[in-house]
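# Chain and residue survey
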Amino acid sequence: MHTLLRVVTLGCAGLLLSACAATKDRLPEARYTLAPQQVLPLAERLTITYEGAEDSRCPDNTRCIWPGRLAYRFTMRIGSVAQAFYLVQGQPGYMSPALRGSRIELDHLTPPPPRGMAGSPPPSYPVTFNMYAQ
């Protein structure tokens, strides 16, 4: 009986220590605003690069059948491994094991940028997103 109690106690202590370590390793909750091609270092060997926006929304001076969408393109790098992802308003955010239990979502308080005009070069869109701990 005493042996079983010690094993259970040691097992619980091990779980508590690993939970403390996991909490310490979590990425902080924060709000970030990035310009295209800006790199955000999140941790050692973990970065997120905002590659730019893909805007297929209907330009202001045209009529369209489909309204289009504004998608923000990112690349997450873990060491030498790269993984692309998109953030789109109204769609679920992005989660990855590399984010250590955090989720990235577009900031819902930031209004989308105005639509461009047909025939003009694509504008440069900054992006604001939030990182939430799960």
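The structure contained in this document is the topic of the report that follows. These figures come from a predicted structure and were not determined experimentally.

Our next topic: the overall build of the chain. Tallying secondary structure elements over the chain gives one helix and eight strands in all. Ordered by position from N to C terminus, the α and β elements of the chain give α-β-β-β-β-β-β-β-β. Considering the chain as a whole, with its 134 residues, one finds that 27% of them fall into the buried category. Relative to all contacts within the chain whose residues are 6 or more apart in sequence, the contacts with residues 24 or more apart total 51%. Surface accessibility of the chain: about 9,000 Å² in total, with carbon and sulfur atoms responsible for 62%.

Attention now moves to the nonpolar core. Core analysis: the biggest nonpolar cluster contains 22 residues, and L42, F74 and L99 have the highest contact counts within it. Ranked by the residues each element gives to this core, the list is headed by strand β4 (residues 70-78), at four residues. Here F74 is in contact with I48, T49, Y50, E51, Q83, A84, F85, L87, V127 and F129, once residues within four sequence places are set aside.

Attention now moves to the packing of aromatic side chains. Aromatic ring pairs: the centre-centre distance and the angle between the two ring planes describe each pair. Per the stated rule, a full pass over the model turns up six aromatic pairs. With a centroid separation of 5.5 Å and 40° between ring planes, the pair formed by Y32 and F129 is classed as tilted. Highlighted residues: Y32 in strand β1 (residues 30-34) and F129 in strand β8 (residues 127-133), separated in sequence by 97 residues. Here Y32 matches F129 in class, with each residue buried. Residues F85 and Y94 carry aromatic rings whose centres are separated by 3.8 Å and whose planes lie at 5° to one another, so their mutual orientation is stacked. Neither F85 nor Y94 differs from the other in exposure class; each is buried.

What counts, and at which threshold
- Residues numbered from 1 in each chain as written.
- Predicted model: local features only at pLDDT ≥ 70, side-chain atom pairs only at ≥ 80, totals over all residues.
- Heavy atoms only, no water.
- Helix = DSSP H or I, 4+ residues; strand = E, 2+ residues; numbered from the N terminus.
- Buried < 20%, exposed > 50% of the residue type's maximum accessible area, 1.4 Å probe, protein only.
- Contact = heavy atoms within 4.5 Å.
- Areas by Shrake-Rupley, 256 points an atom, 1.4 Å probe, with all protein chains shown as cover.
- Core = buried A, V, L, I, M, F, W, Y, C linked by side-chain atoms within 4.5 Å.
- Phe/Tyr/Trp six-rings, centres within 6.5 Å; stacked < 30°, edge-to-face > 60°.

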